[in-house]
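The primary structure of each chain is shown beneath.
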Amino acid sequence: MPQESAPFTRHVRVHRDRGCTVLTLSGEIDIAAAEEIGPCLDRATDRFGARVVIDLSEVDFFDCSGLRLLYRARGRLLERGGELRLVCTDPLTLRILKATGLARLTPPQPTLEAALSQPGAGSGPG
């Protein structure tokens, strides 16, 4: 059963589910939103062995600022023996993830349920 672990802000909601910290991003993920999301993401990726799911299913716009957040989260998790999983179905966001290689390193899942059910393999070195 999901448990709320932090209040939501305009662009990010954080909760725990099945041993994972789930960050649901929403709205336009640009440089202004990244400033708000960054500290939440840093807290979620600070623990050794953390399992983090970033859900992009409510994102309307995603630019390089959002991409930097994802790469930073992935790097922090790898340094700490953790794991990153992504949820994304938006064709434009998927195109960005594929063009930059992040979709190959951390394959996006179509639903939060699929990401939470995925065996531990979401952020291996690539």
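Up top you'll find the structure we're talking about.
All residue numbers here refer to positions counted from 1 along the written sequence of the relevant chain. Two thresholds apply to this predicted model, a pLDDT of at least 70 for residue-level local features and 80 or more for giving and counting side-chain atom pairs, whereas whole-chain, interface and lining totals are computed over all residues. Side-chain descriptors were evaluated using all non-hydrogen atoms of the structure, hydrogens and water having been removed beforehand.

Chemist: Where do I start with the overall build of the protein chain in this structure?
Modeler: For the purposes of this entry, the term helix denotes a DSSP run of H or I that reaches at least four residues, the term strand denotes a run of E that reaches at least two, and both are numbered from the N terminus. Within the protein chain, the regular secondary structure consists of five helices and five strands. Along its sequence from the N terminus, the protein chain presents helices and strands in the succession β-β-β-α-β-α-β-α-α-α. Considering the protein chain as a whole, with its 126 residues, one finds that 48% of them fall into the buried category. The contact criterion used throughout is that any non-hydrogen atoms of two residues lie within 4.5 Å. Looking at the protein chain alone, contacts between residues at least 24 apart form 64% of all its contacts between residues at least 6 apart. Working definition of accessibility: Shrake-Rupley area with a 1.4 Å probe, residue cover restricted to the visible protein chains. Accessible surface computed for the protein chain: about 6,500 Å², of which carbon and sulfur atoms make up 56%. Buried residues are those whose accessible area, probed at 1.4 Å on protein chains only, stays under 20% of the maximum for their type, while exposed residues exceed 50% and partly exposed ones sit between those limits.

Chemist: Explanation requested: helix H3 (residues 91–99) in the structure shown.
Modeler: Listed in full, the buried residues belonging to H3 are Thr93, Leu94 and Leu97. Relative to the axis of H3, the buried residues are bounded by an arc of 100° and lie together on one face. The exposed residues of H3 that point more than 90 degrees off its buried face are Pro91, Leu92, Arg95, Lys98 and Ala99. Summarising the contacts, the buried residues of H3 are in contact with strand S4 (51–62), helix H2 (64–79), strand S5 (83–87) and helix H4 (102–105). Each polar contact in these results corresponds to two N or O atoms within 3.5 Å; when the atoms are within protein, one needs to be able to donate a hydrogen and the other to accept it, and residues that are neighboring in sequence are counted only if both atoms are side-chain atoms. Of the residues that open H3, the one with a side-chain oxygen 3.2 Å from the backbone nitrogen of Leu92 is Asp90. Note that the arc is defined by the directions from the helix axis to the C-beta atoms.

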